[in-house]
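Secondary and tertiary structure notes
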Amino acid sequence: MTKMTKITSASALPLNTILDGDCIDVMNSLPEASVDLIFADPPYNLQLKGDLHRPDNSRVDAVDDHWDQFASFEVYDKFTKAWLKAARRLLKPNGAIWVIGSYHNIFRVGAALQDEGFWILNDVVWRKANPMPNFRGKRFTNAHETMIWASKGEGGKYTFNYEALKSLNEGIQMRSDWVLPICNGGERLKDANGDKAHPTQKPEGLLHRVLVGSTNPGDVVLDPFFGTGTTGAVAKMLGRDWIGIEREAAYREVATRRIADVRKYDKTALEVTRAKRSEPRVPFGQLVERGMLRPGEELFSLGNRHKAKVRADGTLIGNDVKGSIHQVGAHLEGAPSCNGWTYWHFKRDGKVVPIDVLRQQIRAEMEERPH
């Protein structure tokens, strides 16, 4: 259930709650170093002068709300510095932040990020597959927004699920230019009058990629400019805890209804592809200790070109060569190195099975244990 509340104490982190109030005041009231990731979509300070019309003279529903209006760049910069300072205080040492903006504000925000001690990891260009055209015809069609991804400080650790993002991109390394459509159709939330509930609602696909790539299930994600709750909705689906801050009552009401209708994916669906180096290390000797392979049992290379016997201490002996599964395999192949886990196989019920199957069984057991 989604809750709306007003913060009165920093004694506990109000998870899965929309907090009412000014983002700076609310963030300063929350416990220090308590959040894993912040996704921020601050006011863009668009500096719009007058109404914008299409060629047919119909009025464009542009961003002209009071929350996007600042008296000067100086006022906007002061606001940016204050909320970034509050945000950095909230992040855990291994936390990170994403900030999205347009050409109107992102360069000022980027400088402020660096001034506050954040360390920029990437700038990611969200290239809109279906951008709004430039109706006046006096500039290029503004077809992208920029996201800055930064760690809490230089040398800071942070979550990056490289293999998961690579899998999302059909096995190709994820680039820093993302082609995704703007929010439209059934995903675009409407108010009681049938108008846009929020002028800059972000597509769920954008937040899906951000959260899969830079958080893990159970992490806490904070959005200090919550709007209609895209961050909270996607975080809930993906098994992340979330906190939203939003001072506009109309947006809070829309977000509350929206998130209440969201269902969390089951645990197995939330698992993502991880880099091999991040998986728990399992020594070959553990297979012997647990009786999954017995001393004296023969292992075979694929095609039965070579064989070796398992020894009680987790080493192999083959053709008078003794050593680890990797060393013996490399020697028999006359190669500088060898991945013994994929090289060696054992026989069960007449079938040849890679020893890596046994290692994965142990890893699965390790992941099921309570942390």
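Quick note: structure is the one above.
Everything in this summary refers to the structure shown in the same document. The shown structure was predicted, so the numbers you read here are calculated from the model rather than taken from an experiment.

1. Describing the overall build of the chain
Helix and strand content of the chain: twelve helices and 15 strands. Within the chain, the fraction of its 371 residues that count as buried is 45%. Long-range pairs, those at least 24 residues apart, make up 66% of the contacts in the chain between residues at least 6 apart in sequence. A total of about 20000 Å² of accessible surface is found on the chain, and carbon and sulfur atoms cover 49% of it.

2. Brief notes about the packing of aromatic side chains
Tallied over the entire structure, the rule returns eleven aromatic pairs. Aromatic side chains Phe226 and Trp242 sit 5.4 Å apart centroid to centroid with 10° between the ring planes, which places their arrangement in the stacked category. Residue Phe226 is found in the loop between β8 (220-223) and α6 (230-237), and its partner Trp242 is found in strand β9 (residues 241-245); the two are separated by 16 residues along the sequence. Phe226 sits in the buried class, given a relative accessible area of 4%. Accessibility expressed as a relative area gives 2% for Trp242, which makes it buried.

3. Focus on the sheet that holds strand β13 (residues 321-323)
Taken in spatial order, the six strands of this open sheet run β13-β12-β11-β10-β14-β15, and their pairing is antiparallel. Strands with a single pairing partner mark the edges of an open sheet, and in this sheet they are β13 and β15 (351-354). For this sheet, the mean angle separating the axes of adjacent strands, direction not counted, is 35°. Alignment of strand β14 (residues 344-348) against β15, held across four bridges, turns out to be antiparallel. Along β15, the bridge assignment pairs Phe346 with Val353. Contacts between helix α10 (residues 325-333) and the sheet are confined to β11 (307-310), β12 (316-318), β13 and β14, with β13 contributing the most and set at about 150° to the helix.

4. Let's talk about helix α2 (residues 73-90)
In this model α2 runs 26 Å from its N-terminal to its C-terminal C-alpha over 18 residues, within 8% of the 26 Å that 1.5 Å per residue would give. For α2, every residue scored as buried is listed here: Tyr76, Phe79, Thr80, Trp83, Leu84, Ala86, Ala87 and Leu90. Looking straight down α2, one finds that the buried residues subtend no more than 160° of arc, so they occupy a single side. Exposed residues pointing more than 90 degrees away from the buried face of α2 are listed as Glu74, Lys78 and Lys85.

5. Side note on the pairing of strand β10 (residues 298-301)
It is a general feature of regular strands that their side chains alternate between the two faces of the sheet. Two strands pair when backbone bridges link them, and β10 and β11 are joined in this way by three bridges, in the antiparallel orientation. Looking at the pairing, Leu299 lines up with Ala308 of β11. Here β10 folds back onto β11 in antiparallel fashion, the turn holding five residues, of which Gly303 has a positive phi close to 90°.

6. Things to note about the environment of Ala312
Here Ala312 is to be found in the loop between β11 and β12. For Ala312, a relative accessible area of 67% puts it in the exposed group. Placed 23 residues apart in sequence, Ala312 and Glu289 show a C-alpha to C-alpha distance of 8.1 Å. With sequence-adjacent residues up to four places away left out, Ala312 is seen in contact with Val288 and Pro295.

7. Quick look at the side chain of Thr256
Along the chain, Thr256 falls in helix α7 (residues 249-260). Within polar-contact distance, the side chain of Thr256 engages the backbone oxygen of Arg252 at 2.8 Å.

8. Here's the deal with unusual backbone geometry
The backbone of Asn16 shows a phi angle near 55°, a positive value even though the residue is not glycine. Looking at the element boundaries, Asn16 is found in the loop between β1 (3-5) and β2 (17-19). The backbone phi angle of Asp320 is positive, close to 65°, even though this residue is not glycine.

9. Comments concerning the packing of α6 against α7
With their axes 9 Å apart at the nearest point, α6 and α7 run at an angle of 15° to one another. In terms of axis orientation, α6 runs roughly parallel to α7. Remark: the crossing between α6 and α7 carries right-handed chirality. Contacts from Thr230, Gly232, Ala233 and Lys236 of α6 reach α7 at Arg258, Ile259 and Ala260. Classifying every residue of the contact of α6 with α7 by side-chain character gives three nonpolar, two polar and two charged.

10. Some words on α6
Where burial is concerned, most of α6 is hidden: seven out of the eight residues are buried. Within the sequence span of α6, burial applies to Thr230, Thr231, Gly232, Ala233, Val234, Ala235 and Met237. Contacts made by the buried residues of α6 are with β3 (35-40), α5 (204-214), β8, β9, α7 and α8 (267-270). Just downstream of α6 lies Gly239, where phi reads positive at about 75°.

Thresholds applied
- Throughout this document, residue positions are counted from 1 along each chain, in the order its sequence is written.
- In keeping with the model being predicted, local features are shown solely for residues with a pLDDT of at least 70 and side-chain atom pairs are shown and tallied solely at 80 or more, while totals for entire chains, interfaces and linings include all residues.
- In computing side-chain properties, one takes all heavy atoms of the structure into account and sets aside hydrogens as well as water.
- Comment: elements are numbered from the N terminus, with helices defined as DSSP H or I runs of at least four residues and strands as E runs of at least two.
- For every residue, the accessible area (1.4 Å probe, protein chains only) is compared with the maximum for its type, and the residue is labelled buried under 20%, exposed over 50%, or partly exposed between those bounds.
- Any two residues having at least one pair of non-hydrogen atoms within 4.5 Å are treated as being in contact.
- Each accessible area is a Shrake-Rupley estimate made with a 1.4 Å probe; only the visible protein chains count as cover when residues are assessed.
- Ring pairs shown here join Phe, Tyr and Trp side chains whose ring centres sit within 6.5 Å, with only the six-membered ring taken for Trp; geometry is labelled stacked below 30 degrees between planes, edge-to-face above 60, and tilted in between.
- The pairing criterion for strands is at least two bridges between them, as found by DSSP.
- Interaxial angles span 0 to 180 degrees and are taken between N-to-C directions of axes, which are lines fitted to C-alpha atoms, for helices over the stretch in contact.
- Multiplying 1.5 Å by the helix residue count minus one yields the expected span of that helix.
- Throughout, the arc means the angular range of directions from the helix axis out to the C-beta atoms.
- Any pair of nitrogen or oxygen atoms within 3.5 Å is treated as a polar contact; in protein, a donor-acceptor pairing is required on top of that, and neighbouring residues in sequence qualify only through side-chain atoms on both sides.
- Here roughly perpendicular refers to angles of 65 to 115 degrees, roughly parallel to angles under 35, roughly antiparallel to angles over 145, and oblique to all remaining angles.
- Each helix crossing is assigned a hand: it is left-handed if the near helix lies turned anticlockwise from the far helix by less than a right angle, otherwise right-handed if that turn is clockwise.
- When residue character is reported, Ala, Val, Leu, Ile, Met, Phe, Trp, Tyr, Cys and Pro are called nonpolar, Asp, Glu, Lys and Arg charged, and the others, Gly included, polar.

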